[in-house]
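Survey of secondary and tertiary structure
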Amino acid sequence: NYEFIIPTDDVLNEYNFLYKNIISSISNLVKQNQHLKEARDILLPRLMTGMIDVDSLALADPVVNKARPTESAYNSEASINPSVPTQSITAM
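How each quantity is defined
Residues numbered from 1 in each chain as written. Predicted model: local features only at pLDDT ≥ 70, side-chain atom pairs only at ≥ 80, totals over all residues. Heavy atoms only, no water. Helix = DSSP H or I, 4+ residues; strand = E, 2+ residues; numbered from the N terminus. Buried < 20%, exposed > 50% of the residue type's maximum accessible area, 1.4 Å probe, protein only. Areas by Shrake-Rupley, 256 points an atom, 1.4 Å probe, with all protein chains shown as cover. Patch = residues over 30% accessible without salt bridge, like charges linked within 9 Å, V, L, I, M, F, W, Y side chains within 5 Å. Salt bridge = Lys/Arg side-chain N within 4 Å of Asp/Glu carboxyl O. Phe/Tyr/Trp six-rings, centres within 6.5 Å; stacked < 30°, edge-to-face > 60°. Expected span 1.5 Å × (residues − 1). pLDDT = per-residue confidence, 0-100. Contact = heavy atoms within 4.5 Å.

**Examining the overall build of the chain**
Looking only at helices and strands, one finds two helices and zero strands in the chain. When each of the 92 residues of the chain is scored for burial, the buried share is 0%. Counting only carbon and sulfur atoms, one obtains 60% of the accessible surface of the chain, whose full area is about 9700 Å².

**Regarding a nonpolar patch on the surface**
Together, Tyr15, Tyr19, Ile22, Ile23, Ile26 and Val30 make up an exposed nonpolar region whose accessible area comes to about 600 Å². Of note, Ile26 is situated in helix H1 (residues 9–49). Note on Ile26: relative accessible area 45%, which makes it partly exposed.

**Points about the packing of aromatic side chains**
Evaluated as defined, the whole model comprises one aromatic pair. Taking the centre distance of 5.8 Å and the plane angle of 15 degrees together, the rings of Tyr15 and Tyr19 count as stacked. Within this pair, Tyr15 and its partner Tyr19 are both found in helix H1, separated by four residues, close to a single helical turn.

**A short note on H1**
Taking 1.5 Å as the rise per residue, H1 with 41 residues should run 60 Å; its terminal C-alpha atoms sit 60 Å apart, in good agreement. Within two residues after H1, Gly50 carries a phi angle of roughly 85 degrees, on the positive side.

**What about the confidence of the model for the chain?**
For the chain, per-residue confidence averages 78 on the pLDDT scale, and 66% of positions sit at 70 or higher. Considering only residues more than four positions removed or in separate chains, one finds that residues 74–92, a stretch of pLDDT under 50, has two contacts.

**Observations concerning the pattern of salt bridges**
This model, assessed by the stated rule, comprises one salt bridge. With a closest N to O distance of 3.0 Å, Asp41 and Arg40 form a salt bridge. The class of Asp41 is partly exposed, set by a relative accessible area of 49%.

Structural data, given as structure tokens:
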């Protein structure tokens, strides 16, 4: 015999609410990714052949390095917070 725990209606409703939001987010990200792929496929050949001139573009502030931490951030011992507990997971 097997015992099953049947969740309450409140637990099921909360799960459904969270699940719908996650699925909706995934769906939106998949659509955005598809649009970005299409834009890349159109723009990249034009940039490579020179059909689009980027020399005349004036960028106010480069965005490339803003999303990445500096190399020193990876190597700095100060970036490790010893007061935060860690947990290791072992796969079997």
